[in-house]
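Residue-level structural notes
The primary structure of each chain is shown beneath.
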Amino acid sequence: MQTDWTRHEVSSIYYQPLLDLLLQAQKIHREFHAANEVQMCRLLSIKTGGCAEDCGYCPQSARYQTGVERRQLMDKDEILAYARAAKAEGATRFCMGAAWRQAPERGEFDSVLESVRAVAGVGLEVCCTLGMLTEMQAFELKEAGLTAYNHNLDTSPEFYSTIISTRLYQDRLDTIAAVRKAGITVCCGGILGIGESDDDRIGLLYQLATLNPHPESVPINMLVRAQGTPLAQAPELDPLVMVRAIATARILMPRSMVRLAAGRSQMTREAVLLCFLAGANSIFYGEKLLTTPNPAPGQDSDLLNKLGLKPMRSFAHAH
């Protein structure tokens, strides 16, 4: 897998005529992945709100009045019930998100480790997003059975400080490095529609595609505008920007799962179809992603059936 892309090469791929870009992406997708399979993932907010960060897009920041109710960390048995239900519905990966800037030491972190062990015992891939991690915490999560850790870069290094001031870009890269050192697979992507330019989107894709190795999972999110956040009035994103970014990601990172993540509830089914055509082969399944809306499971089942797409088996253990 090529990891020495130049920014110029990434730009040349991104700016191709869209139909040419889609054709190239679909050819690469079929070379490395089953053509009509989609990984189904469930995302659960296990600790909601009250985050010390100032991410301009996030309704869980304690700095903004967004109406998100603060909730303490769920206990293991409650999380396990959600995980079992997710598996029964066809999910192969269960993701747990906690609104922390930095994963806490002991106490609540020990509780998370117990939950990771429990969910792994159900036979699901286990993913967490808990904020920044130390190397020791990453190794403990690995030992508990964690499959993947999500830590997004969000946007390009150049645009990053416009959106977030409480964490450096390098902090994000350091957490990714700690996760990789522990032998946990990396889930890392970004958000589109936060006021960035095409050049920033190219910068994000360049950063992801030059990580060595590539992230095993690359979530591409469309901003879900939340009242009370600085980006509540951000202009709507053209869904074709999502399509273009997903296709470019597929070409740059052929083996990665490219996840069509937040924002699907704002897209027509035709736009979602184009994202699948562009190489997306993973979605979050369920009516809510942490605190933002997502299509209802019945809607997703109906769409996937109409497209002839089927849930795939566990990705992490299939390769």
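You'll find the structure just up there.
A brief report on the enclosed structure follows. (Residues numbered from 1 in each chain as written. Predicted model: local features only at pLDDT ≥ 70, side-chain atom pairs only at ≥ 80, totals over all residues. Heavy atoms only, no water.)

Topic: the pattern of salt bridges
Applying the stated criterion to the full structure yields 13 salt bridges. Notably, a salt bridge pairs lysine 181 with glutamate 135, separated by 3.1 Å at the nearest N-O pair. Within this pair, whereas lysine 181 is found in helix α7 (residues 169–181), its partner glutamate 135 is found in helix α5 (residues 135–144), the two being separated by 46 residues in sequence. Residue glutamate 135 is classed as partly exposed on the basis of its relative accessible area of 40%. Glutamate 236 is paired through a salt bridge with arginine 225; the nearest N and O atoms lie 3.6 Å apart. Here glutamate 236, found in the loop between β7 (217–222) and α9 (239–252), pairs with arginine 225, found in the loop between β7 and α9; they are 11 residues apart in sequence, far enough to count as distant. Within the structure, one salt-bridge network assembled from shared partners comprises Arg7, Glu158 and Asp199. (Salt bridge = Lys/Arg side-chain N within 4 Å of Asp/Glu carboxyl O. Helix = DSSP H or I, 4+ residues; strand = E, 2+ residues; numbered from the N terminus. Buried < 20%, exposed > 50% of the residue type's maximum accessible area, 1.4 Å probe, protein only.)

Focus on the packing of α5 against α7
Interaxial distance between α5 and α7 falls to 8 Å at its minimum, and their mutual angle equals 40°. In terms of axis orientation, α5 runs oblique to α7. In the crossing of α5 with α7, the sense of the turn from one axis to the other is right-handed. Contacts between α5 and α7 involve Glu135, Ala138 and Phe139 from the first element and Ala178, Val179 and Lys181 from the second. Residue classes in the contact of α5 with α7 are distributed as 4 nonpolar, no polar and 2 charged. (Axes fitted to C-alpha atoms, helices over the stretch in contact; angles between N-to-C directions. Parallel < 35°, antiparallel > 145°, perpendicular 65-115°, else oblique. Left-handed = near helix turned anticlockwise from the far one by under 90°. Contact = heavy atoms within 4.5 Å. Nonpolar A, V, L, I, M, F, W, Y, C, P; charged D, E, K, R; others polar.)

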